[in-house]
Amino acid sequence: ASGGTRTGLIGRSLASLVGEPQYQRRLAPLFAAALDGQAVDTELPLRLAARGRRQVLLHLEPAYGPGGQLHGVVVRARDVQPFMDRMGELALAVERLEGRLLSQERMLRILAHDLREPLNTIINFGGLLAPRLRDGDPRTAEYLGYMRRGADHLRWLLGGLMRYVRTGGELA
């Protein structure tokens, strides 16, 4: 009942490995082309007796003898099902990550927008207070300067955050 090992495959007919109906429908035309002198490369799903449904890469090469006459067909097969399974897993992971990224971008947009409004209020009221404090305590004007510089810096950071979100994560 081996069929997936090298010793279980050598010398067996393909029809015995995949079943006669599947052989006639999918593989016999490929063999006919190879027997006509054409090299054949293809990928197709096959149901293997020993391993179930598998995605397989096939290469069929005409085999010629020393006099140039066709002797048969050399078949090389590679089971790529593990790669296909992994590709499916990776596609799901990419889909989840893209969804997470969109959610984070949406959150960053909301956060930046919600922070910008009170920040603009601080900056605008600071601008209104500055002329009124010229003749007052010098420390008050100094503190107001710190507040305005801090608010301007935060506005600059929020602007950078918004540019980052708009460009899809590209640092500009």
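Residues numbered from 1 in each chain as written. Predicted model: local features only at pLDDT ≥ 70, side-chain atom pairs only at ≥ 80, totals over all residues. Heavy atoms only, no water.

Caption draft 1: Highlighting the overall build of the chain. When you go through the chain residue by residue, the secondary structure sums to five helices and three strands. In sequence order, the secondary structure elements of the chain are arranged as α-α-α-β-β-β-α-α. For the chain, the C-alpha radius of gyration of 35 Å lies well beyond 16 Å, the compact-globule estimate for 172 residues. A principal-axis box enclosing the C-alpha atoms of the chain has dimensions of 110 × 35 × 25 Å. With 172 residues in all, the chain has 22% of them scored as buried. Here the contacts in the chain between residues at least 6 apart in sequence split such that 41% fall between residues at least 24 apart. (Helix = DSSP H or I, 4+ residues; strand = E, 2+ residues; numbered from the N terminus. Rg over C-alpha atoms; globule rule 2.2 N^0.38 Å. Buried < 20%, exposed > 50% of the residue type's maximum accessible area, 1.4 Å probe, protein only. Contact = heavy atoms within 4.5 Å.)

Caption draft 2: Structural context of the packing of aromatic side chains. Counted according to the given criterion, the structure contains one aromatic pair. Between the aromatic rings of Tyr23 and Phe31, the centroid separation amounts to 6.0 Å while the plane-to-plane angle is 45°, which identifies the pairing as tilted. On the basis of relative accessible area, Phe31 is assigned to the buried category, the value being 17%. (Phe/Tyr/Trp six-rings, centres within 6.5 Å; stacked < 30°, edge-to-face > 60°.)

Caption draft 3: Helix α4 (residues 81-129), seen in detail. With 49 residues, α4 extends 71 Å from end C-alpha to end C-alpha; this agrees with the ideal 72 Å at 1.5 Å per step. Along α4, the positions that sit buried rather than exposed are Gln81, Glu105, Ala112, Leu119, Ile123 and Gly126. Where α4 is buried, its residues touch β2 (52-64), β3 (70-79) and α5 (138-166). (Expected span 1.5 Å × (residues − 1).)

Caption draft 4: Local environment of the confidence of the model for the chain. Considering every residue of the chain, the mean pLDDT works out to 85; 94% of them sit at 70 or more. Mean pLDDT values for the elements of the chain range from 70 in helix α1 (residues 6-9) up to 92 in β2. (pLDDT = per-residue confidence, 0-100.)

Caption draft 5: Local environment of the pattern of salt bridges. All told, the structure shown has four salt bridges when counted by the stated rule. Between Arg86 and Glu89 there is a salt bridge; the shortest N-O distance is 2.9 Å. Of this pair, Arg86 and Glu89 both sit in helix α4, three residues apart, which is roughly one turn of the helix. (Salt bridge = Lys/Arg side-chain N within 4 Å of Asp/Glu carboxyl O.)

Caption draft 6: Representation of the pairing of strand β1 (residues 40-48). Sheet topology note: the β1/β2 ladder contains nine bridges and is antiparallel. Note on β2: the bridge partner recorded for Asp41 is His59. Between the antiparallel neighbours β1 and β2 lie three residues. (Pairing = 2+ DSSP bridges.)

Caption draft 7: Local environment of the pairing of β2. Relative to β3, β2 runs antiparallel, the two sharing nine bridges. Across the sheet, the residue bridging to Tyr64 is Leu70, located in β3. The antiparallel hairpin formed by β2 and β3 contains five residues in its connecting segment, where Gly68 sits at a positive phi of about 85°.

Caption draft 8: Local environment of the side chain of Gln22. You can see Gln22 is positioned in helix α3 (residues 20-35). Accessibility expressed as a relative area gives 9% for Gln22, which makes it buried. A polar contact is formed between the side chain of Gln22 and the backbone oxygen of Val18, at a distance of 2.9 Å. Once residues lying within four places of it in the same chain are set aside, the contact partners of Gln22 are Leu27, Pro45, Leu46 and Arg47. (Polar contact = N/O pair within 3.5 Å; in protein donor to acceptor, adjacent residues only side chain to side chain.)

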